Amino acid sequence: MKHRIVFATGNAGKMREIRMILGDLGCEVVSMKEAGAEPEIVEDGKSFAENAEIKARAVWKCTGDIVLADDSGLVVDYIGGEPGIYSARYMGEDTSYEIKNRNIIERLAGAQGQERSARFQCNIAAVLPDGRVLHTEAVMEGLIAEQPAGSGGFGYDPILYIPEFGRTSAELTIEQKNKISHRGKALEAMKEVLKKALEEES
Ligand code: ITT
């Protein structure tokens with residue numbers, strides 16, 4: 001693909017994963033900071049999809065390239081789907097994940113087995129140079145762990161236990177996580193959708 005892709009995220013943990021997943025696309029992938037496009041973005045959408053589009057559109061207005069954005073979060077069934085789209089802001093943007101993760105575990109006191117079901121959810125939005133918008137979405141299913149474990153990844157990774165690995169998401173290598181994660185799957189799907197959309201264009 002000859003286009004440059006700008007990724008509208010300020011989250012370094014996400015960007016690390018994104019660079020690996022998009023590495024085989026054969027085009028330059030830069031963060032919005034690297035592209036010199038850091039507009040004020042107000043994430044006031046009501047869904048992952050709306051927020052992903054808000055971020056991608058805001059950066060696209062500055063650069064005009066293909067702009068991708070990720071809106072994602074942890075959805076915990078036992079507490080009504082919290083923190084969901086508010087995952088980054090849960091208990092305050094500046095509160096450490098050690099505290100946020102402990103708090104979620106505490107709120108699940110007494111929950112057993114499948115009652116602890118939770119997932120990471122991710123919506124990817126792409127705004128094309130002509131302004132068209134594409135979306136893909138995926139989840140990574142797991143259970144809220146009894147204790148945080150692992151130091152890989154970022155955010156809520158230490159508390160999402162992935163039964164097929166018998167480990168938390170923070171105990172997986174980045175390669176393992178990218179293969180099965182919400183972000184990995186949504187971005188793989190986006191690669192296909194993007195290729196088709198750009199072929200139609202040329
Ligand atoms: P950008 O909007 O700049 O991309 P952000 O961190 O604010 O960065 P979101 O609004 O999409 O991004 O919030 C996503 C939050 O969900 C993130 O900060 C983590 O708390 C959580 N999250 C998403 N994916 C995760 C993952 O793979 N592992 C752990 N936590 C994750």
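Please refer to the structure higher up on the page.
Everything in this summary refers to the structure shown in the same document. Only a predicted model underlies this, so the values are computations on that prediction, with no experimental measurement involved.

1. Here's the deal with the overall build of the protein
Summing up its helical and strand segments, the protein has five helices and eight strands in all. Mapped in sequence order, the helices and strands of the protein form the string β-α-β-α-β-β-α-β-β-β-β-α-α. Taking 2.2 N^0.38 as the reference for a compact globule, 202 residues should give roughly 17 Å; the C-alpha atoms of the protein span a radius of gyration of 17 Å, in line with that estimate. Considering only C-alpha atoms, the protein reaches an extent of 55 × 30 × 25 Å along its principal axes. The proportion of buried residues among the 202 residues of the protein is 50%. Accessible area of the protein: about 9600 Å², with a carbon and sulfur share of 49%. Taking the 25 positively charged and 33 negatively charged side chains of the protein as two groups, their mean positions are separated by 1 Å.

2. Re helix α2 (residues 48–63)
With 16 residues, α2 ought to run about 22 Å at 1.5 Å a step, and its terminal C-alpha atoms sit 23 Å apart, in line with that. Considered for burial, the residues of α2 that qualify are Phe48, Asn51, Ala52, Lys55, Ala56, Ala58 and Val59. Down the axis of α2, the smallest arc covering the buried residues is 155°, so these residues share one side. Where α2 is buried, its residues contact β1 (5–7), α1 (12–21), β3 (66–76) and β5 (117–127). Gly64 lies just past α2 and shows a positive phi near 75°.

3. Here's the deal with the layout of surface pockets
By volume, the largest pocket amounts to about 700 Å³. Surrounding the largest pocket, 30 residues form its lining, Asn11, Lys14, Glu43, Lys55 and Ala88 being those nearest its centre. Considering each element in turn, the lining of the largest pocket owes the most residues, five residues, to β3. Residues belonging to the lining of the largest pocket are distributed by class as follows: 11 nonpolar, eight polar and 11 charged.

4. Examining the packing of aromatic side chains
As enumerated under the stated definition, the model contains one aromatic pair in all. Ring geometry for Tyr97 versus Tyr156: centroids 5.0 Å apart, planes at 90°, classification edge-to-face. Of this pair, Tyr97 sits in helix α3 (residues 97–107) while Tyr156 sits in the loop between β6 (133–144) and β7 (160–162); the two residues are 59 residues apart in sequence, bridging distant segments of the chain. A residue is classified by how much of its surface remains accessible, and Tyr156, at 4% relative accessible area, is buried. Directly above the aromatic system of Trp60 lies the positively charged group of Arg57, at a separation of 5.3 Å from the ring centroid. When the ring centre of Tyr97 is taken as reference, the NZ or CZ atom of Lys100 above it lies at 4.5 Å.

What counts, and at which threshold
Residues numbered from 1 in each chain as written. Predicted model: local features only at pLDDT ≥ 70, side-chain atom pairs only at ≥ 80, totals over all residues. Heavy atoms only, no water. Helix = DSSP H or I, 4+ residues; strand = E, 2+ residues; numbered from the N terminus. Rg over C-alpha atoms; globule rule 2.2 N^0.38 Å. Buried < 20%, exposed > 50% of the residue type's maximum accessible area, 1.4 Å probe, protein only. Areas by Shrake-Rupley, 256 points an atom, 1.4 Å probe, with all protein chains shown as cover. Lys, Arg positive; Asp, Glu negative; His and termini not counted. Charge placed at Lys NZ, Arg CZ, Asp CG, Glu CD. Expected span 1.5 Å × (residues − 1). Arc of directions from axis to C-beta. Contact = heavy atoms within 4.5 Å. 1 Å grid on protein atoms, 1.4 Å probe; cavity = no way out; pocket = protein on both sides within 12 Å on 5 of 7 lines; lining within 4 Å. Points joined across faces, edges and corners; volume = space filled by probe spheres on them. Nonpolar A, V, L, I, M, F, W, Y, C, P; charged D, E, K, R; others polar. Phe/Tyr/Trp six-rings, centres within 6.5 Å; stacked < 30°, edge-to-face > 60°. Lys NZ or Arg CZ within 6 Å of the ring centre and 35° of its normal.

As far as function goes, none of this settles anything; it's purely spatial.
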